[in-house]
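# Report on the structure
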Amino acid sequence: MKPPVLLCVLLFCQSWAFEFVIDGEWESETSGPLDPYEQSGRYRRNILTSDEEEDFEAIQGNDITVKSYKVESRITFRFAHTTVKSSVVNSGPNAQSISFNVQIPKRAFINKFTMNVNGITFVGSVKEKTLARKLYAQARARGKAAGIVRTNSQAMETFKTEVHVLPGSKVEFELHYQEMLQRKLGIYQHTLYIQPGRLVPLLQVDVYIYEPKGIKFVTAPNTLGEQFSNLTKVTHTKDKAHVVFKPTLTQQRKCKNCTESAVDGIFTVKYDVERESNAGELQVSDGHFVQFFAPSDLSPLSKNIVFVIDVSGSMWGLKMKQTVEAMRAILDDLSMDDHFSIIDFNHNVRCWRDDLVQASTIQVDEAKKYIKSIKPNGGTNINEALLRAVQMLVRGSNQGVIDPRSVSMIILVSDGDPTVGEIKLNTIQKNVKRVMREEFSLFSLGIGFDVDYDFLERIAMDNRGMAQRIYANHDASEQLKTFYSQVSAPLLKTITIHFPESAVSDVTQNHFDKFFSGSELTVAGKLNPTDLTTLQSFTTASATNMDMNIQTEADVQELDSTQQHSFTGFARQMWAYITVNQLLAERSLAPNANKKRKITQQIIALAVEHQFVTPFTAMLVESQDQEHAERLIADSPTDHKHGCCSATTPSSGSVSVQRVVYQNPPWVLPTPTPSLGEATGEHQSILPVHINLVDSDPHFIIHLPKTNMDICFNIDSKPGHILNLISDPGMITINGQLVGSKKMKNNKIYTYFGTISIYSKTDDVQVIVGTNRIDLIEGKNNHSFSWGATAELMLNRIKVAIVKEQHVNLTIDGGISVMVLLHRVWKKHPVQVDFLGIYMPNNNKYSPSVHGLIGQFAKEPEVKVYAVHEGTDPTKKEAIMEVKGNKMAVTRGWQKDYRGDKKRGSDVYCWFVHNSGKGFIDGSYSSYILPQLDSFLPSL
């Protein structure tokens, strides 16, 4: 699904220090109608229940929290209006950029965008690009600057929003886009890309379908992954359907003990409608009409096909293998009534047969042998190959081989630009257009991204065909076969849909060369003010051995009486949508600049009236707050082949925009503050299920995923001791050195980790994190960094990210991840000192030989807790724990997780093992004391 239409917008707001890069869109907490069929027009505010609030707290990040993510599509007569909404909070301690990506179908038009940042609402309006740029420039001149949105043609466009906001800021996004669904192989397919990026307490997708003539079937095949099987609910009546996908937090997780979201991919709804006859479906609404024409139960027309296959050197390997595989299946699909031939080309042009031959079994077998023998090499001579193909069809027509009622087409398969012979694309287009007959069509298939797809699309449209991009991967063969299936069964040719001239105006394209089985033709227009109570349409077409003339009619008032079941103004928007797309195609084929200018003006007028972002219009986004008036601009690119995403900086130097260099690993999430019930010990641990940590004096919290149990213990050692946490022989060792409190408290010197060392022997790199600095030692090189700046560092396979005065994240080849948290105390504090906490996920990839105070639990021991009873403290139950052949008394208590709140921390409930973990850890804690920070643990 490439190349995307990329939208990029930057806003710099002096008073709020915002920066935006807009490419897609989202929503606030205000939902749409609860049920478009029963409560149309009614809206409600989604209020978080107490349980949902707990869920929200539970997945908060110490950087960004996605509070809600909702997608709603309303499909009325194949026209879809989609709204994507999200509510996001900067839950980190610093100002930072909140980034989102939403992908929308290539054929969709964005038509509305709103954004609310801390109560300031920004609303988008589509304007002619020159005017929008002028207003944008005026805003910049006053120091109120923004950026530019760019797009690039692809199967999906990427809409990205990046917002730089202060801590605690709440941002709400709402994006609307519209598209007409195309029927292919008997199915309408509505595609939504669901990419919340994180676990979301309120994640919901709703698709509402209204088809008054009846819904034949509706399905929502699981395309998001096996774990989401049976989560999508589909209900439908005769003419209405509702598809809902609402996974819980647990269901969203990649795995039982993960905090990453598995929701990332395509959500698909497929359906078709009932058709009373081959006359089509004519609907009238809101002063407009729409005619759908999709006849069936007709005998296919015979075909005359010339396959033109690129066999230049760039097709070598997988591309050619996939093409051969697809061609074998395509050739087998030809019937005895069809005629065909094959032209393959590189710098030369070769014909398998000089003339069209009947698709007999013998000829098909010979053609398959020929295709299989092709060895790609050389350049690309597209011009001569296409001219030869046209000559073959002309000769077949002149010799009477081609049945006048048959369909003649050329199917071009290429992966590159022309390099031999005529290489000017415009000249090739003119050459082919000059010799092509009106009854011939050209279909272009571009494999990969080396090919100039815009050229293939233009030359196909110019010759009554269409183009499609084929992605060069293991699925390329299926893509080629699927495309051929769409054009393999032509049912009609020379189709025209007429309306009384006095009754309608501004009718979209109503003459079509061919109709293929499983597709649909659509015509729309405006109703003229008349006294007519019905609108009639007349369709003429040529089928196998017969000509067709079909009439249908619609009650002018019929649909308006049921308008409540669809989104408002669908017919008006559908007409505009079809018209703009046809004008864009017409403009690309315009013969001169004057013609292009006239078409451009038509596109602009329609796009502004109907609020569509097109290559010739831009969305100007302005705040509704007069006190904080700002402007952004979103428009499309001029470079359709490559696209761009440029940004401008403020003309005023007074705006300071800080960018966060590093994004925390997904597992780095804060722990919520416990509820009253949890504080009394009524709930299990609220620690995120795959985190081990050591913090404070030093308190160890070990999570056992299989039993979903948290075990805590303290190590009562001395200042200066180095304790081993992870020791993976020959690979990595993680050690912590203790520092003592300034003086005794309660007749005790408290100890904390003052230094953490992560040494990768494999990479010969040691990272030493202290409370004053971070050292990176590589052989003889020693690199030191302070906590005073945010930085990202790469050493061999190791990435070290320092977040200013917050924490260090270290990742080794994506397999081992560690976070070291910095605790600052008041310098004049009489007792406490600065110290460190260390956090790591359970799923770090160690070898089976790993050990250490934490490492030994990578292989989870069997733990049994029984005889639970009330203790001397009513808030702390007591029990017996059996582990590793040992029995010990344990207490239900709590320790602190400081990721979410470094001052107060969050209580983590666990079974506490006394006496420095004796009986739970292997041996005595003293066995884990090492001489140096880079020492490995001897065998115990």
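In the block above lies the structure referred to throughout.
Please read all numbers here as calculations on a predicted model, not as lab measurements.

## Some thoughts on the overall build of the chain
Scanning the chain from terminus to terminus reveals 13 helices and 51 strands. By sequence separation, contacts in the chain at least 24 residues apart represent 69% of the contacts at least 6 residues apart. Here the chain displays about 38,700 Å² of accessible surface, and carbon together with sulfur accounts for 49% of that area.

## Description of helix H6 (residues 382–398)
Helix length check: H6 (17 residues) gives 24 Å between terminal C-alpha atoms against 24 Å at 1.5 Å per residue, within 8%. Where H6 is concerned, the buried positions are Ile 382, Asn 383, Ala 385, Leu 386, Leu 387, Ala 389, Val 390, Met 392, Leu 393, Val 394 and Gly 396. Backbone geometry just after H6 places Gly 400 at a positive phi near 80 degrees.

## Some details on the packing of helix H4 (residues 318–333) against helix H5 (residues 361–373)
Relative to each other, H4 and H5 sit at 175 degrees, their axes nearing to 10 Å. With respect to H5, the element H4 is oriented roughly antiparallel. For the pair formed by H4 and H5, the contact residues are Val 324, Met 327, Arg 328, Leu 331 and Asp 332 on the first element and Val 364, Ala 367, Lys 368, Ile 371 and Lys 372 on the second. A class-by-class count of the residues in the contact of H4 with H5 yields 6 nonpolar, no polar and 4 charged.

## As for the pattern of salt bridges
Evaluated as defined, the whole model comprises 35 salt bridges. Its salt-bridge partner being Glu 439, residue Arg 437 comes within 4.0 Å of it at the nearest N-O pair. Judged by its relative accessible area of 34%, Glu 439 falls in the partly exposed class. Put simply, Arg 78, Arg 183, Glu 211, Asp 272, Arg 275, Glu 281 and Glu 520 are held in one network by salt bridges that share partners.

## As for the state of the cysteines
Defined simply, a disulfide is a covalent bond joining two cysteines at their sulfur atoms. Counted under the stated rule, the structure contains 2 disulfides. Through a disulfide, Cys 255 is tied to Cys 258; the S-S separation comes to 1.8 Å. For the disulfide bridge between Cys 255 and Cys 258, the dihedral angle about the S-S bond is near 85 degrees, and by the sign convention the bridge is right-handed. By relative accessible area, Cys 255 is classed as partly exposed at 36%. Taking the relative accessible area as the measure of exposure, Cys 258 reaches 8% and is therefore buried. Note that Cys 712 is cross-linked by a disulfide to Cys 910, the S-S spacing being 1.8 Å. Because the sign of the S-S torsion sets the handedness, a value of about -120 degrees for the bond joining Cys 712 and Cys 910 places this disulfide among the left-handed ones.

## Some remarks on the sheet that holds strand E26 (residues 504–505)
A sheet is described by the order of its strands in space; here 4 strands give the open sequence E16-E17-E28-E26, paired in antiparallel fashion. Looking at the sheet topology across the chains shown, the edges are occupied by strand E16 (281–285) and E26. Looking at chain direction, E16 and strand E17 (residues 288–293) are connected through 5 bridges and run antiparallel. Looking across to E17, one finds that Leu 282 is bridged to Gln 291. Packed onto the sheet, helix H10 (residues 570–588) meets E16, E17 and strand E28 (521–527) and runs at close to 65 degrees relative to E17.

## Describing the nonpolar core
Membership of the largest hydrophobic core comes to 60 residues, with the highest contact counts inside it found for Leu 725, Ile 734, Val 800, Met 881 and Phe 920. With near-sequence residues (within four places) excluded, Met 881 lies in contact with Ile 711, Val 863, Lys 864, Val 865, Asn 886, Lys 887, Met 888, Val 890, Trp 911, Val 913 and Phe 920. One finds Val 71, Ala 80, Tyr 177 and Val 205 within the second-largest nonpolar core, a separate group that totals 51 residues.

## Quick word on empty space enclosed by the protein
Tallying each qualifying case throughout the model produces 5 cavities of 30 Å³ or more. In this structure, the largest cavity encloses a volume near 80 Å³. Broken down by secondary-structure element, the contributors of at least two residues to the lining of the largest cavity are H4, strand E22 (407–414) and helix H9 (476–487). Among the elements that take part in the lining of the largest cavity, H4 stands out by supplying 4 residues, more than any other.

## Some words on the pairing of E16
Counting buried positions over the 5 residues of E16 gives 5, a clear majority of the element. Alternating positions in E16 separate into two faces, Glu 281, Gln 283 and Ser 285 on one and Leu 282 and Val 284 on the other, with burial throughout. Hairpin remark: E16 followed by E17, antiparallel, with 2 residues in the connecting loop; positive phi at Asp 286, about 55 degrees.

## Structural notes on the packing of aromatic side chains
Within the structure shown, the criterion is met by 20 aromatic pairs. Relative to Phe 936, the ring of Tyr 759 has its centre 6.3 Å away and its plane inclined at 70 degrees; by these criteria the two rings are edge-to-face. A residue pair is termed long-range when its members are at least 10 positions apart, and Tyr 759 in strand E38 (residues 751–760) and Phe 936 in the segment after strand E51 (929–930) qualify at 177 residues. Aromatic rings pair up to connect Phe 77, Tyr 210, Phe 292 and Phe 570 into one cluster. For Lys 876, the ring lying beneath its charged end belongs to Trp 894, and the centroid distance is 5.0 Å. Above the plane of the ring of Trp 911 lies Arg 892, whose end atom (NZ or CZ) is 5.4 Å from the centre.

Parameters and conventions
Residues numbered from 1 in each chain as written. Predicted model: local features only at pLDDT ≥ 70, side-chain atom pairs only at ≥ 80, totals over all residues. Heavy atoms only, no water. Helix = DSSP H or I, 4+ residues; strand = E, 2+ residues; numbered from the N terminus. Contact = heavy atoms within 4.5 Å. Areas by Shrake-Rupley, 256 points an atom, 1.4 Å probe, with all protein chains shown as cover. Expected span 1.5 Å × (residues − 1). Buried < 20%, exposed > 50% of the residue type's maximum accessible area, 1.4 Å probe, protein only. Axes fitted to C-alpha atoms, helices over the stretch in contact; angles between N-to-C directions. Parallel < 35°, antiparallel > 145°, perpendicular 65-115°, else oblique. Nonpolar A, V, L, I, M, F, W, Y, C, P; charged D, E, K, R; others polar. Salt bridge = Lys/Arg side-chain N within 4 Å of Asp/Glu carboxyl O. Disulfide = S-S within 2.5 Å. Pairing = 2+ DSSP bridges. Core = buried A, V, L, I, M, F, W, Y, C linked by side-chain atoms within 4.5 Å. 1 Å grid on protein atoms, 1.4 Å probe; cavity = no way out; pocket = protein on both sides within 12 Å on 5 of 7 lines; lining within 4 Å. Points joined across faces, edges and corners; volume = space filled by probe spheres on them. Phe/Tyr/Trp six-rings, centres within 6.5 Å; stacked < 30°, edge-to-face > 60°. Lys NZ or Arg CZ within 6 Å of the ring centre and 35° of its normal.

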